[in-house]
Amino acid sequence: MDPQMKSDSPIVITGAGGFIGGHLVKYFFDKGFKRIRAVDKRPLDHWYQLHSAAENLCLDCSSEEVCRKVCEGAAEVYNLAADMGGMGFIERFRVECLRSILINTHMIDSAHRAGVQRYFYASSACVYNTELQQDPNVLALKESDAYPAMAERGYGWEKLISEMFCQEYHAERGMKTFIARFHNVYGPFGTWDGGREKAPAAICRKVVEAMDSHSGTIEIWGDGHQSRSFMYIDDCVKGIDMIMHCDQLVATPVNLGSSELVTINELVDKVEKIAGVKLRRSYKLDAPRGVAGRNSDNTFIQQILHWEPKTSLDTGLRETYLWIREQHQKRKKGLRVVA
Ligand code: NAD
């Protein structure tokens with residue numbers, strides 16, 4: 001932690017009504033920070049987690065005026081707000097993804113004007129050159145693989161240019177900025193239904209639904225041979241903290257992900273095992289499937305921070321499955337849930 005940071009130093013977290021932002025607010029409260037401004041454009045009753053001790057604000061950070069207000073008096077800013085989702089969302093809604101450029105553009109400038117000490121930007125593995133990801137037995141992606149650039153259309157390019165804003169606000173204006181490239185984060189209190197959910201949550205939900213309806217079948221997007229790595233949320237928030245407070249990483253994009261590569265079929269095997277079921281698989285070959293393979297090369301983060309995510313996929317998936325099953329049951333009983 002920054003020696004200048006006191007427990008009453010104000011921290012701003014945008015996207016706090018979402019999955020990672022909600023966990024990050026909790027993480028800093030648990031660490032003893034008392035003044036957390038949590039911001040999201042969702043109405044408060046749609047936040048995955050609402051921590052009553054935070055200053056919770058429902059505001060749209062794509063407006064410059066709002067960002068000025070949000071950053072006022074802040075010591076640190078964590079910008080996690082973005083219009084995003086899994087492949088089903090980012091392949092269909094590229095304009096929405098690109099428009100998130102407004103959020104970081106105004107947030108970083110407002111943070112700089114407010115004199116914040118450190119600024120964090122949540123980037124993504126989608127910045128990597130897609131041509132390097134055509135094979136499910138992909139070589140893990142190292143930080144330099146983002147250039148020459150051929151990022152994921154829409155979402156990936158928005159992340160790449162926002163990274164550059166962070167780098168130039170440091171180079172020209174001296175602000176300490178930090179950039180983590182997240183690789184598929186999963187866990188409880190995240191999107192699990194409605195079209196924005198990512199593979200682990202979608203598969204957990206489909207298994208729960210198949211068991212509930214006794215259909216005996218699960219639909220899988222693509223041929224199931226696509227490979228990915230998945231990082232549990234607790235590792236992600238710890239990693240954000242470590243990256244943000246490491247001066248060696250100023251303005252330097254760093255992978256934050258697991259290097260445990262699995263295929264989507266293997267992911268389904270794991271969830272079936274947790275649920276104690278075996279389902280017939282129906283492959284939807286025309287569904288969004290993303291690149292063929294993607295994994296995180298963690299050499300750099302290990303070298304600098306001597307650290308890698310430690311939650312195994314089996315452990316993290318169990319927590320996620322149990323939470324999604326609970327949400328499903330609550331919804332069936334007519335109780336309100338945030339999906
Ligand atoms: P999320 O969708 O759960 O959270 C993002 C939140 O940002 C949402 O609650 C949304 O309402 C909010 N938001 C969107 N536009 C806003 C605006 N104009 N003003 C204020 N709030 C706004 O997503 P997440 O999984 O928590 O992701 C957090 C960040 O991490 C995002 O920047 C995302 O691109 C990045 N990321 C996530 C993953 C992942 O696997 N979850 C992977 C790579 C990168």
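Considering the overall build of the protein chain
Within the protein chain, the secondary structure is distributed over 11 helices and 13 strands. Relative to the compact-globule value of 20 Å for 339 residues, the protein chain shows a C-alpha radius of gyration of 19 Å, a close match. In the protein chain, which comprises 339 residues, the share counted as buried stands at 57%. Partitioning the intrachain contacts of the protein chain with sequence separation of at least 6 by distance along the chain shows that 79% fall at a separation of at least 24. Total accessible area on the protein chain stands at roughly 14700 Å², and carbon and sulfur atoms take up 51% of it. Here the protein chain carries 43 positive and 44 negative side-chain charges, and the mean point of each set is 4 Å from the other.

Focus: a nonpolar patch on the surface
A cluster of nonpolar side chains, namely Leu98, Met150 and Trp157, defines an oily patch on the protein surface of about 260 Å² accessible area. Turning to its location among the elements, tryptophan 157 is positioned in helix α6 (residues 155-171).

Considering the pattern of salt bridges
Scanning all chains against the criterion turns up 27 salt bridges. Across the pair glutamate 326 and lysine 330 runs a salt bridge whose closest N-O atoms are separated by 3.9 Å. With glutamate 326 and lysine 330 both in helix α11 (residues 313-332) and 4 residues apart, this pair spans about one turn of that helix. Judged by its relative accessible area of 31%, lysine 330 is partly exposed. Among the ionic contacts, a cluster of salt bridges with common partners joins Glu64, Arg68, Asp109, Arg113 and Arg173.

Re the site of the ligand
If you check the shell around the ligand, you find 27 residues, and the closest are Asp40, Arg42, Asp60, Tyr155 and Val185. Here an oxygen atom of the ligand and a backbone polar atom of phenylalanine 19 are 2.8 Å apart. The side chain of aspartate 40 places a nitrogen or oxygen atom 2.6 Å from an oxygen atom of the ligand. Relative to its unbound accessible surface of 810 Å², the ligand loses 95% to contact with the protein. Put simply, the parts of the chain that give the shell around the ligand at least two residues each are α1 (19-30), β5 (118-124) and α6.

Some remarks on helix α5 (residues 101-114)
Since the α-helix advances by 3.6 residues per turn, residues separated by three or four positions end up pointing in the same direction. With 14 residues, α5 extends 20 Å from end C-alpha to end C-alpha; this agrees with the ideal 20 Å at 1.5 Å per step. Taken residue by residue, α5 has Ile103, Asn104, His106, Met107, Ile108, Asp109, Ser110 and Ala111 as its buried positions.

Quick look at the sheet that holds strand β1 (residues 11-14)
The strand order across the open sheet built from 7 strands is β3-β2-β1-β4-β5-β6-β11, with neighbouring strands paired in parallel fashion. If you trace the sheet from one side to the other, it starts and ends with β3 (55-58) and β11 (254-256), each paired once. Averaged over all neighbouring strand pairs, the angle between strand axes comes to 20 degrees, with direction disregarded. As defined by bridge partners, β1 adjoins strand β2 (residues 36-40) across 4 bridges and the pair is classed as parallel. Each residue of the ladder has a partner; that of isoleucine 13, found in β2, is alanine 38. Running over the sheet, helix α2 (residues 64-71) touches β1, β2 and β4 (76-79) and is turned about 160 degrees from β2.

The rules behind the values
Residues numbered from 1 in each chain as written. Predicted model: local features only at pLDDT ≥ 70, side-chain atom pairs only at ≥ 80, totals over all residues. Heavy atoms only, no water. Helix = DSSP H or I, 4+ residues; strand = E, 2+ residues; numbered from the N terminus. Rg over C-alpha atoms; globule rule 2.2 N^0.38 Å. Buried < 20%, exposed > 50% of the residue type's maximum accessible area, 1.4 Å probe, protein only. Contact = heavy atoms within 4.5 Å. Areas by Shrake-Rupley, 256 points an atom, 1.4 Å probe, with all protein chains shown as cover. Lys, Arg positive; Asp, Glu negative; His and termini not counted. Charge placed at Lys NZ, Arg CZ, Asp CG, Glu CD. Patch = residues over 30% accessible without salt bridge, like charges linked within 9 Å, V, L, I, M, F, W, Y side chains within 5 Å. Salt bridge = Lys/Arg side-chain N within 4 Å of Asp/Glu carboxyl O. Near = heavy atom within 4 Å. Polar contact = N/O pair within 3.5 Å; in protein donor to acceptor, adjacent residues only side chain to side chain. Expected span 1.5 Å × (residues − 1). Pairing = 2+ DSSP bridges. Axes fitted to C-alpha atoms, helices over the stretch in contact; angles between N-to-C directions.

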